[in-house]
Amino acid sequence: MSGIFWHILVFGVIGIFLIVIIYRTLAITRLPVHLRWELAPIPHEKGKGRYGGSYLEEYEWWNKPQHRSRMAPIIYMAKEIFLLRGVWEHNRALWPLSFAFHMGIYLIVVMLLLSVMNAVFIIAQVALNVLNVSLGIASVFALVGYLLGSVGAVGLIIKRALDANLRPFNTITKYFNLVFLGAVFVSGAYAWFSSPDFASEMSFFIKGLIALDAGVALTFSLSLHVIISLLFVLYLPWTDMIHFIAKYFTYHEIRWNDAPQDEKMKKELRGLLAQPVSWSAAHVEANGVKNWADVTSKKTSDEKEA
Amino acid sequence: MTKRKLKLTDISKGEDTQLIDINIDEMMPLPPPYDKVEELRGFKQLTDDQRERLVCNLDGVVSYAALPKPKNKEEEKKYVEQFVSGLKKLLSKENNWTFLQPLLLSIDYCAQCQTCCDACPIYLASDRNDLYRPTYRSEIFRRLVNKYIKPGGKLRAKVTGGDIELNWTTISRLYELSYRCNLCRRCAQSCPMGVDNALISRELRKLFSQELGWAPKELHEKGTVLQLAVGSATGMRPNVAIDNLKFLDEEFSEATGIDVSTPWDKEGADILLIHSAGDIISFPESPIAFTILCNAAGLNWTLSSEIPGYDGINYGVFYDDVQLAKVATRHAQIARKLKVKKIVMGECGHQHKATMTVADRVLTGDLNIPRENVMTFLENIVFSGKIKFDPSKNDFPVTLHDPCNLVRNLGVVEPQRRILRYLCPQFREMTPYGIDNYCCGGGGGLSVMSDVNFTDWKVFVAGRMKFKQILDAFSDQPGPEVKKYLCAPCLNCKLQFRDILEYYRAGENSGIICGGLAELIVNAMVDIKKPYITWEEH
C-alpha cells in the first residue's frame with residue numbers, strides 16, 4: 001500500500017475522530033445546569049482545599065471575596081491523570097497494571113507528537129544533530145510506551161479474567177477494548193523491533209502525509225501497526241474510553257462546581273423551571289402542562305392515603 | 001451473612017426468594033467487649049405473616065419501605081412498564097434537568113475498576129458482601145438503561161453479555177437495594193473517573209418515588225408530606241412546637257439558673273434559626289443550648305412558627321426532587337416574610353446540604369436568601385468575646401463525628417474543630433476524620449427508618465464501621481468509669497447513634513454518650529453554674 005491510500009486513511013480517520021469527539025463533548029456541555037452536587041476536596045478553595053474545606057466555612061461568606069487557586073486544580077488533575085492517584089490511594093492492587101497501561105498511552109501520544117515535530121524538522125531541513133536527538137527521544141518513548149502498554153493491556157486482561165472482584169462486571173466489550181488497545185501496543189512493539197530505525201521511519205511517513213507526497217510507503221510491520229492504530233482511533237470516540245474527556249466534566253462541572261447563582265445561570269434556571277413536568281406519581285401533581293415552578297410551589301397531597 | 005458470589009443477573013431471578021441471608025458471625029469484628037456475638041440480641045427474623053404480605057426478596061430486611069406483594073401478574077407487569085417509563089423521564093431534560101448531567105456521566109463512564117468498593121463502610125462491614133457493593137446496584141441500573149432506553153440496546157445486551165431481565169423481581173429488589181446505601185458519597189470521592197454511585201442510588205429512589213409513588217413511609221408520608229401539611233415530620237403543629245419550647249425554656253431556666261427565652265416570629269430579626277424539630281423532642285438540650293448562646297451573644301434572632309418553618313429537615317434530598325424543592329421553597333418564603341438577613345440551620349447535616357447547596361439553584365430571585373452553616377455560626381459566637389468560657393469544665397474525652405452532608409458534601413471541616421480544640425482539653429479525632437470520615441450508618445434517610453427489622457440492619461451492618469471508629473477513638477480509656485462524649489452535630493446521626501449505643505449498651509459498657517456541639521459549648525460557659533451535660537443516655 002502506498003501513495004494516496006495512506007492520506008485518505010489517516011486524514012479520514014483523524015477527521016472522523018475529531019468530529020465524533022467534538023460532537024460528544026458538545027453534547028455534554030449542552031446538558032442543562034444541574035443542582036449543586038459538589039464533593040470535597042475542592043482544590044480551587046485557596047488555603048482550604050488541602051483539608052477539604054470550602055468558602056462556606058467563612059462567616060457570612062456572601063460578603064467575602066472568594067479566593068480561588070488556579071494552580072491547585074491543575075496540580076490535582078495532573079497527579080490524577082499522570083500518576084493515577086485515585087487508583088494508587090484506593091485500589092493499590094490494580095495500580096501497577098493500570099499505571100503501565102496508561103503510561104504506555106501517554107508515551108505513545110508524546111512519541112507521535114515528537115514524530116510530527118520531526119517531520120516538520122525534516123521538511124524545514126533543521127540541523128541534523130537536532131533532528132537526531134529528537135528522533136532518539138521519540139524512539140525511546142516509543143519502545144518504553146509500547147512495552148509498558150503491552151504489559152498493562154495483557155496484565156489487565158488476565159486480571160479481569162481471574163480477579164473475583166472484577167470478573168462479575170466484565171462484558172465482552174470490556175475485553176474487546178483491552179484486546180484492541182493491546183493489539184495497538186503489541187503491533188507497535190513488533191514494528192519497533194522489526195525496523196532498523198523506527199522513529200525515522202515514522203517521522204518520514206508523517207512527513208510524507210504532511211507534504212502530500214504520493215510516494216508514501218511503509219514496511220509491512222509498520223503498516224500493520226498504523227492500520228490497527230487507525231482502526232482503534234476510529235473506534236475510540238464511540239466508546240466509554242473517552243473518559244479522558246468525561247473526566248473534565250465529572251470533576252470541574254460536578255465535584256468542583258460550587259458556584260453560587262450568577263446572572264447567566266439565573267436566566268438558564270428561569271427557563272428550566274418553566275419546563276413542563278410529567279412525572280406520574282400523584283404527589284408530584286404534574287400533568288405535562290404544569291411546570292417545575294408550579295409543582296414545587298403548590299401544597300402537597302399524599303397519594304398513598306388517597 | 002451467607003457469603004455467596006452474586007452475579008448481576010441474579011437480581012432478576014428467584015422471584016420471592018431472598019437473595020442473601022444475614023449472619024452476624026461473618027461480619028467485620030468489633031473490639032472487646034463487643035466481639036462476643038453470642039451475647040448480642042440476634043437479628044430479628046420476619047414472621048410468616050410478614051413474609052406472606054410483604055416483599056422481602058432481597059436480604060430479609062424489612063422497613064416501612066417494604067412493598068405489599070402485587071395481587072397478580074398484570075399488576076407486576078404494570079409496575080415494570082411504569083419503571084421503564086420512569087427510566088425515560090430520568091434521562092429527559094424536561095423531567096430531570098436537576099441531575100441529568102451528573103447522572104449521564106455516571107452511567108456512561110464507569111470503568112468497572114471496583115476502586116470505590118473499599119471506600120464503602122457498608123460493604124466493608126458486611127465482610128465484602130457482593131450485594132452491598134456500591135457498584136452492584138449501579139451496574140444493574142446502567143445495564144437496564146443501556147438495554148431499555150438506548151437505541152439497539154436489547155440486541156447489544158445480548159451480543160455483549162450484559163443482559164439483565166427486567167421483571168417484577170428486578171424492580172422490587174432494586175427498590176429495596178436503593179435503601180441499602182447511606183448516600184455518603186465516599187465511593188464517589190474515591191472514584192478516579194468521578195462516577196457517583198450514591199447519586200445513582202438517589203436517582204433510583206427518585207424514579208420510584210416520582211413515577212411509581214414508592215418511598216419509605218418515614219421519608220414520604222410521615223416525612224415530607226406531613227412536614228408540608230402540619231409543619232413537621234414529627235407531627236408537631238405550630239402551637240405544639242411553641243408550647244414545647246416554652247416548657248423547655250422554663251425547665252432549663254430552672255436547671256441552669258439563667259433566663260432561657262426563645263423568641264418566635266420576630267419580624268425584622270437578623271437571623272432565622274431553623275432547627276430540626278426532632279431535636280425539640282429527642283434532644284431538647286440542643287435547641288435550648290442555641291437559645292442560651294444566641295441570647296448570651298446578644299444576637300437579634302428568631303424561630304418561625306409558620307408551617308414548616310420550625311422544622312428544617314428536608315428528606316426530599318434523599319429521594320425526591322419535587323419534595324426537596326417544595327420544602328426548600330417554603331423555608332425561603334418564610335424567611336422572606338420575616339424579612340431576616342440570613343437563615344441559619346440547626347445541627348442537622350442533610351438540612352444543610354439541602355438548603356445551602358442542593359436547593360441553591362431552585363431558590364431563585366428574592367428566595368435566594370443568604371444561608372449560613374451552623375458550625376461557622378457557632379464559631380463566630382464562641383470567638384466573639386461576648387461569652388466567657390472555662391474549658392476545664394469540659395475536661396473529659398471528646399471525639400467528633402463528621403456528618404457526611406456537612407463535611408464531605410459542603411466542605412465545612414475546621415470551624416467545629418477550632419471550637420473543640422479550644423473548649424475540650426481531651427478532644428481527639430477519629431480515624432479517618434474530616435472529609436474522609438465514615439458515615440454514621442443512618443445517612444441517606446436511613447436513620448429515621450426503623451420498622452420491622454431495619455434498625456437491626458442499621459446497627460449490625462450500616463453503623464458497624466462507625467461504631468468501631470468510636471471505640472477506637474476512646475481505646476485509651478475503654479471502661480465505663482470514664483465518661484466520654486461523642487459529639488455528633490447532626491440530628492439524624494444522633495438518632496442513629498442512639499440506636500447503636502442502646503443496642504450495644506455502650507453507655508453501660510464504655511461510658512459513651514452522644515450529643516451535639518452547642519451543648520458542649522454551653523457546658524463550658526462560666527455563667528452556667530451547674531453542668532449542662534448530665535451524662536444521661538437518650
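Here the structure is a predicted model, which means the values were calculated and not measured.

Thresholds, definitions, all that
Residues numbered from 1 in each chain as written. Chains lettered and ligands numbered in written order. Predicted model: local features only at pLDDT ≥ 70, side-chain atom pairs only at ≥ 80, totals over all residues. Helix = DSSP H or I, 4+ residues; strand = E, 2+ residues; numbered from the N terminus. Rg over C-alpha atoms; globule rule 2.2 N^0.38 Å. Buried ≥ 20, exposed ≤ 12 C-beta atoms within 10 Å, placed from the backbone. Contact = placed C-beta atoms within 7 Å. Domains from an automatic or database assignment. Pairing = 2+ DSSP bridges. Nonpolar A, V, L, I, M, F, W, Y, C, P; charged D, E, K, R; others polar. Axes fitted to C-alpha atoms, helices over the stretch in contact; angles between N-to-C directions. Parallel < 35°, antiparallel > 145°, perpendicular 65-115°, else oblique.

Let's shift gears to the overall build of chain B. Of regular secondary structure, chain B possesses 25 helices and eight strands. Taking 2.2 N^0.38 as the reference for a compact globule, 538 residues should give roughly 24 Å; the C-alpha atoms of chain B span a radius of gyration of 23 Å, in line with that estimate. Considered along the principal axes of its C-alpha atoms, chain B spans approximately 75 × 55 × 45 Å. Residue burial in chain B is summarised as follows: out of 538 residues, 60% are buried. A separation threshold of at least 6 residues defines the contact pool for chain B, and within that pool the share at least 24 residues apart is 78%.

On domain assignment, one finds that chain A holds domain 1 (4–31 + 90–240) and domain 2 (266–296). Computed over C-alpha atoms only, the centres of domain 1 of chain A and domain 2 of chain A are separated by 48 Å.

Moving on, we get to the pairing of strand β1 (residues 271–274) of chain B. Residues and elements named next belong to chain B. Residues Ile-271 and Leu-273 of β1 are buried on one face, and the alternating residues Leu-272 and Ile-274, pointing to the opposite face, are buried as well. For β1 and strand β2 (residues 301–302), the ladder comprises two bridges, and the chain directions are parallel. Directly across from Ile-271, in β2, lies its bridge partner Trp-301. In terms of strand pairing, β1 meets strand β3 (residues 342–345) through four bridges, oriented parallel. Following the sheet pairing, Leu-272 is matched in β3 by Ile-343.

A few words on the domain arrangement of chain B. Residue and element names in this part refer to chain B. Split into domains, chain B comes out as domain 1 (8–212), domain 2 (233–379) and domain 3 (388–523). The C-alpha centroid of domain 3 is placed 28 Å from the C-alpha centroid of domain 1. Residue-level contacts link 28 residues of domain 1 with 27 residues of domain 3. Here the element with the most residues in the side of domain 1 that touches domain 3 is helix α5 (residues 121–125); it accounts for four residues. Grouping the constituent residues of the side of domain 1 that touches domain 3 by class yields 21 nonpolar, five polar and two charged.

Contacts between the two partners involve 73 residues from chain A, matched on the other side by 76 residues from chain B. Put simply, the parts of the chain that give the side of chain A that touches chain B at least two residues each are α3 (85–90), α6 (172–194), α9 (243–255), α10 (263–273) and α11 (292–296) of chain A. Residue classes in the side of chain A that touches chain B are distributed as 34 nonpolar, 20 polar and 19 charged.

Turning our eyes to something else, we now look at the packing of helix α5 (residues 128–162) of chain A against helix α7 (residues 198–210) of chain A. A pair of packed helices is characterised by two quantities: the angle between their axes and the separation of those axes. All names here are of chain A. Here α5 crosses α7 at 105°, and the two axes come no closer than 8 Å. It follows from the interaxial angle that α5 and α7 lie roughly perpendicular. Taken together, the residues of α7 that come into contact with α5 (itself represented by Leu-135, Ala-138, Ser-139 and Ala-142) are Phe-198, Ala-199, Ser-200 and Ser-203.

Adjacent strands of a sheet form backbone hydrogen bonds with each other and so pair up, either parallel or antiparallel. Overall, parallel pairing links the four strands, which are arranged β2-β1-β3-β4 (chain B) in an open sheet. Each edge of the open sheet is held by one strand with a lone partner, namely β2 and β4 (371–372) of chain B.

Residue and element names in this part refer to chain B. Taken together, the four strands give an open sheet; going across it, the order is β6-β5-β7-β8, and neighbouring strands pair in parallel fashion. With one partner strand each, in any of the chains shown, β6 (427–428) and β8 (512–515) form the two edges of the open sheet. In terms of strand pairing, strand β7 (residues 484–487) meets β8 through four bridges, oriented parallel. Across the sheet, residue Leu-486 finds its bridge partner in β8, namely Cys-514. Along the sheet, helix α20 (residues 415–423) makes contact with β5 (398–400), β6 and β7, crossing β5 at roughly 175°.

Turning our eyes to something else, we now look at unusual backbone geometry. Backbone torsion omega between Pro-32 of chain B and Pro-33 of chain B reads 5°, so that peptide bond is classified as cis. Structurally, Pro-33 of chain B is set in the segment before α1 (48–53). Residue Thr-431 of chain B is joined to Pro-432 of chain B through a cis peptide bond whose omega torsion reads -10°. Among the secondary structure elements, Pro-432 of chain B is positioned in the loop between β6 and α21 (454–462). The backbone of Leu-84 of chain A shows a phi angle near 50°, a positive value even though the residue is not glycine.

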